[in-house]
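For reference, the chains in residue letters:
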Amino acid sequence: MTSDDGFNDVSNEYSLLAPGPVNLHPEVRKALALPMIHHRTPEFDKILKRVLENIKKVFQTTQEVFLLTTTGSGGMEALLVNTLSPGDKVLAIVSGKFGERWADMAKHYGASVTVLEVPWGEAVQVSLVEDHLKNNPDTRAVLCQACETSTAVSHPIRELADVISKYSETLFLVDAITALGAYPLPMDEWKIDGLVAGSQKAFMLPTGMAFISFSQKAWKFIEGAKFPRYYFDVRKEKKANASGETFFSSNVAIIRALDVVLNLIQAQGLNKLFHDIHRRAELTRIFAQKLGFTLYAKSPSDSVTALTVPSHMDGQKIRLHLEEAHNITIMGGQDQAKGKIIRVGHMGYIQDQELIRLIASLGHCLRHFDPAFISVEQISMVADEARKWLEQNP
Ligand SMILES: *Cc1c(COP(=O)(O)O)cnc(C)c1O
């Protein structure tokens, strides 16, 4: 494809670089194309058993992990309804769209929610949570995103868990939908009490499943929790899993694909997965800044990078132009960040060639809206440097 300034984009394959859904591994695509089998068959029983065992290694827990047919938000709801009761004190750390959603859910069910508002682009200050718990030791749960996808901020989960785990009545519930499987988040070692992951983000699958787990400390509250629950009642799911089944019809297609993902992760090791995602994030951060973007998140996550666009440009238009002229999908900003930022995802099956093409194409997008901002030669130079960087940092 030739863009308006003569930039010849030789590999015009579609590139999905959103922070979820993400590009699927070829082996996952193959698994998704298999003929359907029934979930009550010896063949599926074996797969389910293996998946339930292997997924614990990604959660880095000895606790059971549950597979729910729902999007990530359903998993967030499952963490709440299984541990909380109306009137329970909840501290919700809200630093963007997903934090807002979780606080809303808890309010909707009747929890007594205190919102700890964190400015967009910033990480929560652990001392503020510490102070709140000192004054409210009867807080039943603290809610936080590991990565707040709307701002690309990574929150200090380990430090928060250190503080919260000292309170015997307080659970630390973490939305790790764009974190678990993207960077280290060992549930048991860090003492996280409820953890939710999503299929279409770091787990590199299609949208439609959420994976959740609870600590031993959380299980003590699960029986007495009074929020209404039926579909997401984890006690029923646990019973079903014990007899080799899921509570409702199993999501055969995605669970079979999850089996492939878990085998791929196991073959290369979690650390290699984290390394590759970190490398893509590093490359994007370094070379997007060389093009003239700045970093929006003060504590940037490796899953997704939020780039502030030059102030005289519109991020929404840049995102659209990148799709129309370069066949690359990224995301724009939401709410107060709308138009100000673009967001690039680093999870999923991504080739080095796509990263170089992204850098060059971003440069050409800037040029499209302001030819004086950056020259064709500068863009080529940055793209060349990016190529060299990738070679030197395998
Ligand atoms: C995507 C996302 C969600 C919501 O997931 P859905 O699958 O869209 O319901 C929640 N939290 C975070 C941090 C996310 O990135």
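Residues numbered from 1 in each chain as written. Predicted model: local features only at pLDDT ≥ 70, side-chain atom pairs only at ≥ 80, totals over all residues. Heavy atoms only, no water.

- For the chain, an unreviewed UniProt entry supplies the name Alanine--glyoxylate aminotransferase family protein and the organism Bdellovibrio svalbardensis.
- Comment text from UniProt for the chain, heading Cofactor (unreviewed entry), reads "pyridoxal 5'-phosphate".
- Under the Sequence similarities (unreviewed entry) heading, UniProt states for the chain: "Belongs to the class-V pyridoxal-phosphate-dependent aminotransferase family." (UniProt positions renumbered as here; feature names shortened; annotations may be inferred.)

### What to know about the overall build of the chain
No. 1: Helix and strand counts for the chain stand at 14 helices and 15 strands.
No. 2: Referenced to the eigenvectors of the C-alpha coordinate spread, the extents of the chain come out at roughly 65 × 55 × 35 Å.
No. 3: Scored against the burial criterion, the 394 residues of the chain give a buried share of 59%.
No. 4: Pairs at least 24 residues apart make up 72% of the contacts formed inside the chain by residues separated by at least 6 positions.
No. 5: When the accessible surface of the chain is summed, it comes to about 16,100 Å², and 52% of that surface belongs to carbon and sulfur atoms.
No. 6: Separation between the mean location of the 42 positive side-chain charges and that of the 45 negative ones in the chain comes to 5 Å. (Helix = DSSP H or I, 4+ residues; strand = E, 2+ residues; numbered from the N terminus. Buried < 20%, exposed > 50% of the residue type's maximum accessible area, 1.4 Å probe, protein only. Contact = heavy atoms within 4.5 Å. Areas by Shrake-Rupley, 256 points an atom, 1.4 Å probe, with all protein chains shown as cover. Lys, Arg positive; Asp, Glu negative; His and termini not counted. Charge placed at Lys NZ, Arg CZ, Asp CG, Glu CD.)

### So, the UniProt feature "domain: Aminotransferase class V" (unreviewed entry) in the chain
No. 1: UniProt feature "domain: Aminotransferase class V" (unreviewed entry): in the numbering of this structure it lies at residues 36-337.
No. 2: The distance separating the terminal C-alpha atoms of residues 36-337 is 43 Å; by composition the span is 43% helix and 18% strand.

### Focus: the domain arrangement of the chain
No. 1: Segmentation of the chain into domains returns domain 1 (26-267) and domain 2 (269-392).
No. 2: Look at where the C-alpha atoms of domain 1 and domain 2 centre, and you get two points 29 Å apart.
No. 3: Listed per partner, the contact involves 29 residues of domain 1 and 25 residues of domain 2.
No. 4: Both sides together, the interface formed by domain 1 and domain 2 hides about 2,200 Å², and carbon and sulfur atoms give 63% of it.
No. 5: For the interface between domain 1 and domain 2, the tally reads 2 salt bridges.
No. 6: Among the salt bridges present, the one from Glu122 reaches Lys298, with a minimum N-O distance of 3.1 Å.
No. 7: Counting across the domain 1 and domain 2 interface gives 7 residue pairs in polar contact (both at pLDDT 80 or more). (Domains from an automatic or database assignment. Buried area = accessible area lost by both parts, 1.4 Å probe. Salt bridge = Lys/Arg side-chain N within 4 Å of Asp/Glu carboxyl O. Polar contact = N/O pair within 3.5 Å; in protein donor to acceptor, adjacent residues only side chain to side chain.)

### Observations concerning the site of the ligand
No. 1: Around the ligand, 13 residues are found, and the nearest of them are Thr71, Ser73, Thr149, Asp175 and Lys201.
No. 2: Between the ligand and the protein, one listed contact pairs an oxygen atom with a side-chain N or O atom of Ser73 at 2.6 Å.
No. 3: In the model, a nitrogen atom of the ligand is placed 2.7 Å from a nitrogen or oxygen of the Asp175 side chain.
No. 4: In isolation the ligand offers 380 Å² of accessible surface; the protein chains occlude 89% of this area.
No. 5: Counting only elements with at least two residues in the shell around the ligand, the list comes to helix 3 (72-81) and helix 4 (97-108).
No. 6: The element contributing the most residues to the shell around the ligand is helix 3, with 3 residues.
No. 7: Its residues placed into classes, the shell around the ligand shows 4 nonpolar, 6 polar and 3 charged. (Near = heavy atom within 4 Å. Nonpolar A, V, L, I, M, F, W, Y, C, P; charged D, E, K, R; others polar.)

### Things to note about the packing of helix 13 (residues 352-369) against helix 14 (residues 376-392)
No. 1: The N-to-C vectors of helix 13 and helix 14 enclose an angle of 160°; their axes lie 9 Å apart at closest approach. As far as their axial angle goes, helix 14 and helix 13 are roughly antiparallel. Note on packing geometry: the crossing formed by helix 13 with helix 14 is right-handed. The residues of helix 14 that touch helix 13, namely those facing Asp352, Leu355, Ile356, Ile359, Ala360, Gly363, His364 and Arg367, are Val376, Ile379, Val382, Ala383, Arg387 and Leu390.
No. 2: By residue class, the composition of the contact of helix 13 with helix 14 is 9 nonpolar, 2 polar and 3 charged. (Axes fitted to C-alpha atoms, helices over the stretch in contact; angles between N-to-C directions. Parallel < 35°, antiparallel > 145°, perpendicular 65-115°, else oblique. Left-handed = near helix turned anticlockwise from the far one by under 90°.)

### Quick word on the pairing of strand 2 (residues 65-69)
No. 1: For strand 2, the tally of buried residues reaches 4 of 5 residues, placing the bulk of the element in the interior.
No. 2: As paired strands, strand 2 and strand 10 (residues 209-214) are joined by 5 bridges and run antiparallel to one another. Each bridged residue has a counterpart across the sheet, and for Leu68 the counterpart in strand 10 is Ala210. (Pairing = 2+ DSSP bridges.)

### Quick look at the sheet that holds strand 3 (residues 89-94)
No. 1: Strand order in the open sheet formed by 7 strands is 2-10-9-8-5-3-4, with mixed pairing between adjacent strands. In this open sheet, the two edge strands, each paired with only one partner strand, are strand 2 and strand 4 (112-117). The mean inter-strand angle of the sheet, taken between neighbouring strand axes irrespective of direction, is 20°.
No. 2: Two elements, strand 5 (residues 141-145) and strand 8 (residues 171-175), share 5 bridges in a ladder whose sense is parallel. Across the sheet, Cys144 pairs through a bridge with Val174, a residue of strand 8.
No. 3: Packed onto the sheet, helix 6 (residues 157-164) meets strand 3, strand 5 and strand 8 and runs at close to 160° relative to strand 8.

### Some words on the packing of aromatic side chains
The relative placement of two aromatic rings is captured by the distance of their centres and the angle of their planes.
No. 1: Counted by the stated rule, this structure contains 9 aromatic pairs.
No. 2: Where Tyr231 meets Phe232, the ring centres are 5.2 Å apart and the plane angle is 75°; that geometry is what we call edge-to-face.
No. 3: On the basis of relative accessibility, which here comes to 37%, the residue Tyr231 falls in the partly exposed class.
No. 4: Note on Phe232: relative accessible area 14%, which makes it buried.
No. 5: Summarising the aromatic geometry, the rings of Phe287 and Trp389 are spaced 6.4 Å apart at their centres and angled 75° between planes, so their arrangement reads as edge-to-face. (Phe/Tyr/Trp six-rings, centres within 6.5 Å; stacked < 30°, edge-to-face > 60°.)

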